[in-house]
Amino acid sequence: MRRRIDIAEAGRMLLTREHLRNNGVTERQLRDALRAQSLRRVHRGSYVRAKDWTSLWWEGQHLLKVLAVKAASQGKGPLFTHASAAVLWGLPMYRMGDQPVQIVVDGTRHSRVIAGVVRRDMRLDDGDITEIEGFRVTSLIRTTFDVARTAAFDTAVSCTDAALRQRAVSGQVVDAEADALWRAEALRLARPGLRGVRQAREVLDFADGRSQLPGESVSRVRLHQLGFSKYELQVPVTGAQGDRYWVDFAFLRARRFGEFDGKGKYLDPDLRTAASSDEAVAEKRREDDIRGVTGWGFARWGYEHIRTPDAFGTRLAAFGIRPPG
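Within any chain, residue numbers begin from 1 and follow the written order of that chain's sequence. Side-chain atom pairs in this predicted model are given and counted only at pLDDT of 80 or more, local residue features only at pLDDT of at least 70, and totals for whole chains, interfaces and linings cover all residues. Heavy atoms from the whole structure form the basis of all side-chain values; hydrogens and water molecules are not counted.

J.: In this structure, what is going on with the sheet that holds strand β13 (residues 244–251)? I would like to understand it.
T.: Either a parallel or an antiparallel arrangement is found when strands of a sheet pair, and the pairing is made through backbone hydrogen bonds. The pairing criterion for strands is at least two bridges between them, as found by DSSP. Helical segments are the DSSP runs of H or I of at least four residues, strand segments are the runs of E of at least two, and each set is numbered from the N terminus. Here four strands make up an open sheet; going across it, the order is β12-β13-β14-β15 and the pairing mixed. In this open sheet, the two edge strands, each paired with only one partner strand, are β12 (232–238) and β15 (297–301). If you compare each strand with its neighbour and ignore which way they point, the axes differ by 50 degrees on average. With five bridges connecting them, strand β14 (residues 256–260) and β15 associate as parallel partners. Paired with F260 across the bridge in β15 is W301. The criterion used for residue contact is that any of the two residues' heavy atoms lie within 4.5 Å. In this analysis an axis means a line fitted to C-alpha atoms, helices contributing only their contacting stretch, and an angle means the value between N-to-C directions, from 0 to 180 degrees. Together, β12, β13, β14 and β15 form the strand contacts of helix α11 (residues 214–226), whose direction differs from that of β13 by roughly 30 degrees.

J.: What exactly am I supposed to notice about the pairing of strand β5 (residues 101–105) here?
T.: Strand residues, when the strand is regular, have side chains that alternate between the two faces of the sheet. Only protein chains enter the area calculation, which uses a 1.4 Å probe; residues under 20% of their type maximum are buried, those over 50% are exposed, and those in between are partly exposed. Within β5, five of the five residues are buried, which leaves it mostly tucked inside the rest of the structure. In this structure, strand β4 (residues 79–80) lies alongside β5, joined through two bridges in antiparallel fashion. Among the inter-strand pairings, L79 is bridged to a residue of β5, identified as V104. The pairing of β5 with strand β7 (residues 117–121) spans five bridges and is classified as parallel. Looking at the pairing, V104 lines up with R120 of β7.

J.: I'm lost on the nonpolar core in this one. Help?
T.: What tends to happen in soluble globular proteins is that the nonpolar side chains get buried as a cluster. The biggest cluster of nonpolar side chains holds 28 residues, and the ones touching the most others in it are A86, L91, M93, F145, V147, C159 and W182. The element contributing the most residues to this core is helix α8 (residues 153–168), with seven residues. Non-local contacts of M93, meaning those with residues more than four positions away in its chain, are made with E59, A83, A86, V147, T155, S158 and C159. We call a set of buried Ala, Val, Leu, Ile, Met, Phe, Trp, Tyr and Cys residues a nonpolar core when their side-chain atoms join them within 4.5 Å.

J.: Would you mind going over the side chain of T155 with me for this structure?
T.: Of note, T155 is situated in helix α8. Given the relative accessible area of 5%, T155 is considered buried. The residues touching T155, leaving out its near neighbours within four places in the chain, are M93, Y94 and R95.

J.: So what exactly am I meant to see when it comes to helix α5 (residues 58–71) here?
T.: Because the α-helix completes a turn every 3.6 residues, residues three or four places apart line up on one side. The end-to-end C-alpha distance of α5, which contains 14 residues, comes to 20 Å, matching closely the 20 Å that a straight helix rising 1.5 Å per residue would cover. The element α5 is extensively covered by neighbouring structure, given that eleven of its 14 residues are classed as buried. By the burial criterion, the buried members of α5 are E59, G60, Q61, H62, L63, L64, K65, V66, L67, A68 and V69. Take the residue count of a helix, subtract one, and multiply by 1.5 Å to get its expected span.

J.: Help me out: how do you make sense of the environment of F153 in this one?
T.: In this structure, F153 sits in helix α8. On the accessibility criterion, F153 (24% relative accessible area) is partly exposed. When the C-alpha positions of F153 and V203 are compared, they lie 7.1 Å apart, and in sequence the two are 50 residues distant. In contact with F153, other than residues within four places in its own chain, are Q199, E202, V203, F206 and V221.

J.: It is not clear to me how the sheet that holds strand β1 (residues 15–16) should be interpreted in this structure. Could you clarify?
T.: A sheet is described by the order of its strands in space; here three strands give the open sequence β1-β3-β2, paired in antiparallel fashion. A strand with exactly one partner marks an edge of an open sheet, and here the two such strands are β1 and β2 (39–43). Sitting on the sheet, helix α3 (residues 27–35) is in contact with β2 and β3 (46–49), with an inclination near 100 degrees to β2.

J.: For this particular structure, what's the right way to read the packing of α8 against helix α9 (residues 176–187)?
T.: Contact geometry for α8 and α9: axes closest at 9 Å, N-to-C directions at 130 degrees. Classified by the angle between their axes, α8 and α9 sit oblique to one another. Read as a crossing pair, α8 and α9 show a hand that is right-handed. Residues T160, A163, L164, R167 and A168 of α8 form the contact with α9, whose participating residues are A178, D179, W182 and R183. Considering only residue class, the contact of α8 with α9 consists of five nonpolar, one polar and three charged. With respect to orientation, any angle under 35 degrees is reported as roughly parallel, any angle over 145 as roughly antiparallel, any angle of 65 to 115 as roughly perpendicular, and every other angle as oblique. In this scheme the handedness of a crossing depends on how the near helix is turned from the far one: anticlockwise by less than a right angle means left-handed, clockwise means right-handed. When residues are grouped by polarity, Ala, Val, Leu, Ile, Met, Phe, Trp, Tyr, Cys and Pro land in nonpolar, Asp, Glu, Lys and Arg in charged, and all others, Gly among them, in polar.

This is the structure:
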């Protein structure tokens, strides 16, 4: 199963040529490992074990490339932007794919790609620049805005939801004032002539920090594409013994709750490990309690169901959930 990593773990995974040499790896052994594909070149002078690389989501793989680009740079290193800044901030980039590292440079007329690195000529204010664990990076709000205007819509929404959640949501409760202020600050970055501003406005209008996972964000995008408008997010339910639950989605007309990410692990024998069995039992008890007090049914889906609107529509229809009209 693929996983996410942070900057510290990425640093432990990345193997520089100097590190390998200090650990007794000769140039010939390095070439042999690359030829055998047990080692993968990330960027000039930096490598990663193939099994580590394939264990990561796109964000983690990109983070390794960001670290490798910094390792090959002089001084403080480049200023990272767009998707490269997003992974340093720990933001999700749903299905981002294999992208070049993106940095900001001054004095070029057009953005250009050199050695797997996009060099962007951008106008930035001092407030647009900050630092994360020694990496120069665009601010959280600038990063989110740039992703919102340049990435695919579902990628941009998942990223923006996560950023908005950091700034304006505690648990499942939205701070309305903080939410409005954050959106307004992001929209102030929409300078005339900047590419993708129209989409950025649409993403910022659609974003909702209550979505806790990228899959929940993309589920909302698919629901919108399918014509759904009347459903609730993060719905509170009080159980028979007073337990407080939160459910991802509630479809009022169908009287169904919806949950993403395959939380019903008891349904999948491949996930019935000793560590997960207690969680699976607790999840089943939770669902049974919610069913008992509400009389509503449940619909569940995972990433494989939200790849396209049609696939998601088919999944929902199997539970009796259909768009109006």
